[in-house]
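These are the residues of each chain, in order.
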Amino acid sequence: MATANRPCMPLPDDAATPVGRCHGMQRRPTAHLRVVSSAVGHPNKSFPRTHTSSSPNRPPSKRPALFMPIHPAILRTSAAAATPPHLVTTTTHAERSRPQPPPPPRAAVVAMAVSNNITACVTLLALICAVPVIASGIWFASAQGEECARLARWPVAILGGLLLLAALAGFVGAYWNRRRLLAFYLFAMASLVVLLIALLVFAFAVTRGSGAYPVLGRAYDDYHLDGFSMWLRGYVSDDPGRWEKIRACLAVSDTCKKLARQAAFTNAEQFYQSHLSPLQSGCCKPPSVCGFSYVSPTVWTAAARPAADPDCGLWSNDPGQLCYECESCKAGLLETLRDQWHKANIALVVATVALVILYLVGCSAYKNAQAAAIFSRYKY
């Protein structure tokens, strides 16, 4: 036959001819194969029905043309040629030679770790500073219990306990890097420090006045309600039932009994030169202005000037009565509370100043840690 000696489809130089490519198959003219290979890669291009002819004088065959298998290298080349230009991604030499982004610098990591350590130390110191606040509140509450008073007894201790809990949460958050606990610590500590400052301002405002008045020839002072603030005066004067409870407590306490049992006062001069507490001076003896004559610390003769003070007629030598209904006794109680507040305020002021400084340092360290974390996360 004329078609037996015609060549197979030409292949690229780098493509190996597969086994059976030209063996056992019907050979096709080279011209027809060019048409087939030019259409590869164009899925929308339809192949016309082509008839092969072995010679120009032979009529075309009615049988459709059969496509020979195409080498994979030709398919890859044709598909790449058919890809639209905007979908082709090319890598330039500059992009290939661009250096990879460096890892986060060690300085940022070290700065974040140092900030967390500083925050942990600050919260630990704040936790220690909360202890004096709690101690002051407990001491103030117990001292008022001994003096039969209940004026703002537990708020300081409660506030100190809240400070301790907030500082403990901040320490845990800083030590184990818990951002939410640190944020809670900063918010709670700011609120509690503001409350502590407000409490100190209030305490200084209501205890600024004193009802103590010196007496000529006496080592102790006498006390009157006029020298105290209106808020303190209202505590012992506005509610008669409250004072009845305080008076009953004072009558069974050792405040005046201890003074009566002292054998050191052999005469009036020794008693006049003694240093009495405000409660002893206001509740256990008559006012000095009344002119009573000394017999014993809790026993006095008739007053020489009974009209000099309203308390002169309220004095009684009865151990259960004495001067517990006197205005001087109420003033002595307020002076005792005032002294206790001033002693507690010293520890509270020191703790407040330390907490404010520690809070500012903790805020700065927390901001630095946040900035270092953001810097290392987004810049690199």
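Residues numbered from 1 in each chain as written. Predicted model: local features only at pLDDT ≥ 70, side-chain atom pairs only at ≥ 80, totals over all residues. Heavy atoms only, no water.

J.: Would you take a moment to explain helix α5 (residues 155–175) for this structure?
T.: End to end, α5 covers 30 Å across 21 residues, agreeing with the expected 30 Å (1.5 Å per residue, within 8%). Note on α5: the residue one or two positions beyond its end, N177, has a positive phi of about 55°. (Helix = DSSP H or I, 4+ residues; strand = E, 2+ residues; numbered from the N terminus. Expected span 1.5 Å × (residues − 1).)

J.: Honestly, the packing of α5 against helix α6 (residues 179–206) in this entry has me stumped. Any pointers?
T.: Two measures define how a pair of helices packs: the angle their axes make with one another and the distance between the axes. Here α5 crosses α6 at 155°, and the two axes come no closer than 8 Å. Taken together, α5 and α6 sit at an angle that is classed as roughly antiparallel. Regarding α5 and α6, the two cross each other, and that crossing is left-handed. Taken together, the residues of α6 that come into contact with α5 (itself represented by V156, L159, L162, L163, A166, A167, A169, G170, V172, G173 and A174) are L181, L182, F184, Y185, A188, M189, L192, L195, L196 and L199. Partitioned by chemical class, the residues of the contact of α5 with α6 number 19 nonpolar, two polar and no charged. (Axes fitted to C-alpha atoms, helices over the stretch in contact; angles between N-to-C directions. Parallel < 35°, antiparallel > 145°, perpendicular 65-115°, else oblique. Left-handed = near helix turned anticlockwise from the far one by under 90°. Contact = heavy atoms within 4.5 Å. Nonpolar A, V, L, I, M, F, W, Y, C, P; charged D, E, K, R; others polar.)

J.: Quick question: what am I supposed to make of the side chain of T255 here?
T.: Here T255 lies in helix α9 (residues 255–261). By relative accessible area, which is 15% here, T255 ends up buried. Reaching out from T255, the side chain makes a polar contact with the side chain of S253 at a distance of 3.2 Å. Not counting chain neighbours up to four residues away, the residues in contact with T255 comprise L250, L279, Q280 and C284. (Buried < 20%, exposed > 50% of the residue type's maximum accessible area, 1.4 Å probe, protein only. Polar contact = N/O pair within 3.5 Å; in protein donor to acceptor, adjacent residues only side chain to side chain.)

J.: Can you help me understand the state of the cysteines in this one?
T.: Working definition of a disulfide: a covalent bond connecting the sulfur atoms of two cysteines. Taken as a whole, this structure holds four disulfides when the rule is applied. With a sulfur-sulfur separation of 1.8 Å, C256 is cross-linked through a disulfide to C284. Disulfide C256-C284: torsion about the S-S bond near -85°, hence left-handed. Pair noted here: C256 is in helix α9 and C284 is in the loop between α11 (278–283) and β3 (294–296), with a separation of 28 residues, a long-range link. On the basis of relative accessible area, C284 is assigned to the buried category, the value being 0%. At a sulfur-sulfur separation of 1.7 Å, the disulfide partner of C290 is C312. Measuring the twist about the S-S bond at about -90°, one finds the C290-C312 disulfide to be left-handed. Of this pair, C290 sits in the loop between α11 and β3 while C312 sits in the loop between β4 (299–300) and α12 (327–379), placing them 22 residues apart in sequence. (Disulfide = S-S within 2.5 Å.)

J.: Help me understand the confidence of the model for the chain, please; the structure alone is not making it clear to me.
T.: Interpretation of this model should avoid reading the predicted coordinates in detail wherever pLDDT is low. Mean pLDDT over the chain works out to 74, with 64% of the residues at or above the 70 mark. Note that residues 1–7 has pLDDT below 50 and, in this model, eleven contacts with residues that lie over four places away or in other chains. Across residues 63–67, where pLDDT falls below 50, the model places eight contacts with residues more than four positions away in sequence or in other chains. (pLDDT = per-residue confidence, 0-100.)

J.: So what exactly am I meant to see when it comes to the nonpolar core here?
T.: The nonpolar side chains of soluble globular proteins are, as a tendency, buried together. Core analysis: the biggest nonpolar cluster contains 37 residues, and L250, F271, Y324 and L334 have the highest contact counts within it. Looking at this core element by element, the count peaks at five residues for α12. With residues near it in sequence (within four places) discarded, F271 still touches Y220, L259, F265, L276, K285, Y294, P297 and W300. The next biggest cluster of nonpolar side chains, apart from the first, holds 33 residues, and it includes C129, F140, V156 and W341. (Core = buried A, V, L, I, M, F, W, Y, C linked by side-chain atoms within 4.5 Å.)

J.: Help me understand the packing of aromatic side chains, please; the structure alone is not making it clear to me.
T.: For any pair of aromatic rings, geometry is given as the distance between the ring centres together with the angle between the planes. Inspection of the entire model under this criterion finds eight aromatic pairs. Taking 5.1 Å as the distance between ring centres and 85° as the angle between the ring planes, the aromatic pair formed by F202 and W231 counts as edge-to-face. Taken as a pair, F202 in helix α6 and W231 in helix α7 (residues 230–237) lie far apart in primary sequence, 29 residues in all. An aromatic cluster of at least three residues, connected via ring pairs, comprises Y220, F271, Y272, Y294 and W300. (Phe/Tyr/Trp six-rings, centres within 6.5 Å; stacked < 30°, edge-to-face > 60°.)

J.: Which parts of the structure should I look at to understand the environment of T266?
T.: In this fold, T266 is placed in the loop between α9 and α10 (268–272). The class for T266 is exposed, based on a relative accessible area of 60%. When the C-alpha atoms of T266 and V295 are compared, they prove to be 9.6 Å apart, with 29 residues separating the residues in sequence.

J.: Is there a simple way to think about unusual backbone geometry in this case?
T.: One can expect most non-glycine residues to show negative phi and most peptide bonds to be in trans. We note that L322 has phi near 45°; this positive angle belongs to a residue other than glycine. In this fold, L322 is placed in the loop between β4 and α12. Taking relative accessible area as the criterion, L322 reaches 2% and is therefore assigned buried.

J.: Which parts of the structure should I look at to understand a nonpolar patch on the surface?
T.: A surface patch of nonpolar side chains, amounting to about 470 Å² of accessible area, comprises I118, F204, V349, V353, I357 and V361. At four residues, α12 tops the list of elements feeding residues into the nonpolar patch. Inspection of the secondary structure assignment puts F204 in helix α6. With a relative accessible area of 41%, F204 lands in the partly exposed category. (Patch = residues over 30% accessible without salt bridge, like charges linked within 9 Å, V, L, I, M, F, W, Y side chains within 5 Å. Areas by Shrake-Rupley, 256 points an atom, 1.4 Å probe, with all protein chains shown as cover. Salt bridge = Lys/Arg side-chain N within 4 Å of Asp/Glu carboxyl O.)

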